[in-house]
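# Inside the fold
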Amino acid sequence: MVEHATEKRQTAFLQQQSMKMLIGGQWVEAASGKTFDTINPSTGQVLARVAEGEAEDIDRAVAAARRAFEQGAWPKMTPAKRAHLLLKLADLIERNAEELAELETLDNGKPIKYSRAADVPLTVEHFRYFAGWATKIEGETIPVSVPNMFTYTLREPLGVVGQIIPWNFPLQMAAWKLAPALACGNTVVLKPAEQTPLTALRLGELICEAGFPEGVVNIVPGFGETAGAALAAHPDVDKIAFTGSTEVGKKIVQASAGNLKKVTLELGGKSPNIIFPDADLKYAVRGALNAIFFNQGQVCTAGSRLFVHKSVYDEVLGNLTTMSSKMKLGPGIDPGTDMGPVVSQQQLERVTNYIATGKQEGARVATGGNRAGDELAEGYFVQPTVFDGVADQMTIAREEIFGPVVVAMPFEEAEEIAARANQSEYGLAAGVWTNDIKKAHKMVAALKAGVIWVNTYNQFDAAAPFGGYKQSGYGREMGHAVLDAYTQVKTAWINLR
Ligand code: ADP
């Protein structure tokens, strides 16, 4: 195997023999004693051994979260004190930023420059933003038409929340889930993805250090079919928040039916990115490149269907192909890397199978189209891949690949492109590149997606709601919209007669 000098710079956290799970304020082994390995996708080598949570551990964690919700310091804590804890956690994450960035990159494979510039600072900002909301969750007084009644609402936490997160942005996904749930006063059982448990566990240590009462946050690493399924089905969990594939999202909904727990889902996408001929093409091409290759294409909003007006198609395709082929593929920990490996052997197979299907169905590879060889052969590296000559009904134009593969397709009539872009079971995001302000607003109205980016792509902010239309999910995360997902309304009628 290839040794990358920078990978020797491992954190003290990684020196542990095996990593435990956080239940009721204690770091414990799995009830079964089992562990699983987490792999460095740049090398295929074992990075760490982690306690493998299963149904019994989920039971213990849910019981701890229930106790913490009903008793002890948390239910009595003032909103201001909750805010202080969230701010303290944000400070601790900031203080440990470099360690978290390295852990994230080693575990997930993403380029360290992005872990440093995006994953960690956005996580910090997420906790700070929701710390602000803790003191601003208000009920209302209602002017009912029944005489002598004083009617008002309270906004109360839901209770024990189960949160199941994916491997593409392990730390940020933990923040998106934990910060609003805690700001609203819930307690949590978080299950990180089996491919990338490390930063969530390190975050757990910082949560303890910040002083959250025991049991308020429980972190149980483990596999989806065991730990995840047990959490989704658990009768004492009040709400489940899930980010992941649409296929698993449907299983979560079924599993949740036993006690009709509340569910929010942030699922897959096959997002259209549309370049009109009046766009500033230099920015549009760079935008199209980042829209698909950021995070190795493992982004639920990836701009994986690139529609380009036929009058500029050849120019855009040519420039995109040239820029794609120049991207530096390499281990995430190398500061010069533009694109790292995909997360796992399984993901490598999934992405390369889609590429093979694209070729079989008659699409033409404009650049890439293979697993990377030579000194990268040990890791899970896929070349940035652009397909040309693609028809709308081809598999690669319809299904979510979740890898560095974009299909480029020309369009002729501006009036028809929104309808064509909307021909998808998904509706998570869309991009539009134009300098015509009327066209921009018309496209925003016409596209059926939860977020539309105009002359930009993949913008996220803790204050801006995010979520899907159609089979891309239920509910919204971030902004004040997410407060609805972590609170319930109680209406009080007081007879003043
Ligand atoms: P991917 O296919 O990209 O790995 P998944 O949707 O399978 O994405 O995974 C997202 C999260 O869902 C992970 O934490 C995973 O462990 C979990 N998961 C997978 N299957 C199930 C399941 N049947 N029930 C609950 N959680 C699951």
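Residues numbered from 1 in each chain as written. Predicted model: local features only at pLDDT ≥ 70, side-chain atom pairs only at ≥ 80, totals over all residues.

## Notes on the UniProt feature "active site" (unreviewed entry) in the chain
- UniProt records the feature "active site" (unreviewed entry) at E266, using the numbering of this structure.
- Judged by the 27 C-beta atoms lying within 10 Å of it, E266 falls in the buried class.
- Discounting chain neighbours no more than four positions away, the residues touching E266 are T243, C300, G467, G468, G473 and E477. (UniProt positions renumbered as here; feature names shortened; annotations may be inferred. Buried ≥ 20, exposed ≤ 12 C-beta atoms within 10 Å, placed from the backbone. Contact = placed C-beta atoms within 7 Å.)

## Examining the sheet that holds strand β5 (residues 141-142)
- Here three strands make up an open sheet; going across it, the order is β5-β6-β22 and the pairing antiparallel. Edge positions in the open sheet fall to β5 and β22 (487-495), since each of these has one partner strand only.
- Examined bridge by bridge, β5 and strand β6 (residues 149-157) share two bridges and lie antiparallel to one another. Across the sheet, residue T141 finds its bridge partner in β6, namely Y152. (Pairing = 2+ DSSP bridges. Helix = DSSP H or I, 4+ residues; strand = E, 2+ residues; numbered from the N terminus.)

## Focus: the packing of helix α1 (residues 55-70) against helix α8 (residues 224-233)
- Closest axis-to-axis distance for the α1/α8 pair is 8 Å, and the angle between their directions is 40°. Taken together, α1 and α8 sit at an angle that is classed as oblique. The way α1 lies across α8 gives a crossing that is right-handed. Together, A55, D57 and I58 of α1 and T226, A227, A230 and L231 of α8 make up the contact between the two elements.
- Residue composition of the contact of α1 with α8, grouped by class: five nonpolar, one polar and one charged. (Axes fitted to C-alpha atoms, helices over the stretch in contact; angles between N-to-C directions. Parallel < 35°, antiparallel > 145°, perpendicular 65-115°, else oblique. Left-handed = near helix turned anticlockwise from the far one by under 90°. Nonpolar A, V, L, I, M, F, W, Y, C, P; charged D, E, K, R; others polar.)

## Some remarks on the site of the ligand
- Looking at the ligand, there are 17 residues lining it, with G224, G228, G244, S245 and V248 nearest.
- At the level of secondary structure, the elements contributing two or more residues to the shell around the ligand comprise α8 and α9 (246-256).
- It is α8 that contributes the most residues to the shell around the ligand, five residues altogether.
- Broken down by class, the residue content of the shell around the ligand amounts to nine nonpolar, four polar and four charged. (Near = placed C-beta within 6 Å.)

## Observations regarding the pairing of strand β13 (residues 305-309)
- Of all five residues in β13, five are buried, a share of seventy percent or more.
- Burial along β13 is two-sided: the residues R305, F307 and H309 and L306 and V308 are all buried.
- Summarising the sheet, strand β12 (residues 272-275) and β13 pair through four bridges and their orientation is parallel. When the sheet's bridge partners are listed, I274 is paired in β13 with F307.
- At this point the chain moves from β12, through helix α10 (residues 281-293), to the parallel β13, and the crossover so formed is right-handed. (Right-handed = clockwise from strand over helix to strand, strands pointing away.)

## Details of unusual backbone geometry
- With a phi angle near 55°, N455 is a residue other than glycine that sits in the positive phi range.
- Along the polypeptide, N455 turns up in the loop between β19 (451-454) and β20 (469-470).
- On the basis of neighbour counts, which here come to 15 C-beta atoms within 10 Å, the residue N455 falls in the partly exposed class.
- Its identity is not glycine, yet K470 carries a phi of approximately 50°, on the positive side.
- For K470, the location among the structural elements is in strand β20.
- You can call K470 partly exposed: it has 17 C-beta atoms within 10 Å.

## Things to note about the pairing of strand β8 (residues 187-191)
- By the criterion of burial, β8 is predominantly enclosed, with five of the five residues buried.
- Here β8 shows a buried face lined by T187, V189 and K191 and a second buried face lined by V188 and L190.
- Between strand β7 (residues 160-164) and its parallel partner β8, the chain crosses via helix α6 (residues 170-183), and the hand of that crossover is right-handed.
- In this sheet, strand β9 (residues 217-219) lies alongside β8 in parallel orientation, the contact comprising three bridges. What sits directly across from L190, in β9, is I219.
- Taken together, β8, helix α7 (residues 198-210) and β9 form a β-α-β motif whose crossover is right-handed.

## Some words on the sheet that holds β12
- The seven strands are arranged β14-β15-β16-β13-β12-β18-β19 in an open sheet whose pairing can be described as mixed. Where the open sheet ends on each side, the last strands, each with one partner, are β14 (364-367) and β19. Averaged over all pairs of adjacent strands, the angle between strand axes in this sheet comes to 25°, irrespective of strand direction.

## Digging into helix α4 (residues 97-108)
- Compared with an ideal rise of 1.5 Å per residue, which puts 12 residues at 16 Å, α4 spans 16 Å between its outermost C-alpha atoms and is within 8% of the ideal.
- Counting buried positions along α4 yields nine of 12 residues, so the element is predominantly enclosed.
- Restricting attention to buried positions, one finds in α4 the residues L100, A101, E102, L103, E104, T105, L106, D107 and N108.
- As for α4, its buried residues are in contact with β3 (35-40), β4 (45-51), α3 (79-95), α5 (112-134), α6 and α7.
- G109, located one to two residues past α4, shows a positive phi value of around 100°. (Expected span 1.5 Å × (residues − 1).)

## What to know about α8
- With respect to burial, α8 is a largely interior element, seven of its 10 residues being buried.
- Every buried residue of α8 is accounted for by A227, G228, A229, A230, L231, A232 and A233.
- Where α8 is buried, its residues touch α1, β7, β8, β10 (239-243) and α9.

## Some points on the environment of E102
- Inspection of the secondary structure puts E102 in helix α4.
- Each C-alpha atom, one on E102 and one on I112, is 6.7 Å from the other, the two residues being 10 residues apart in sequence.

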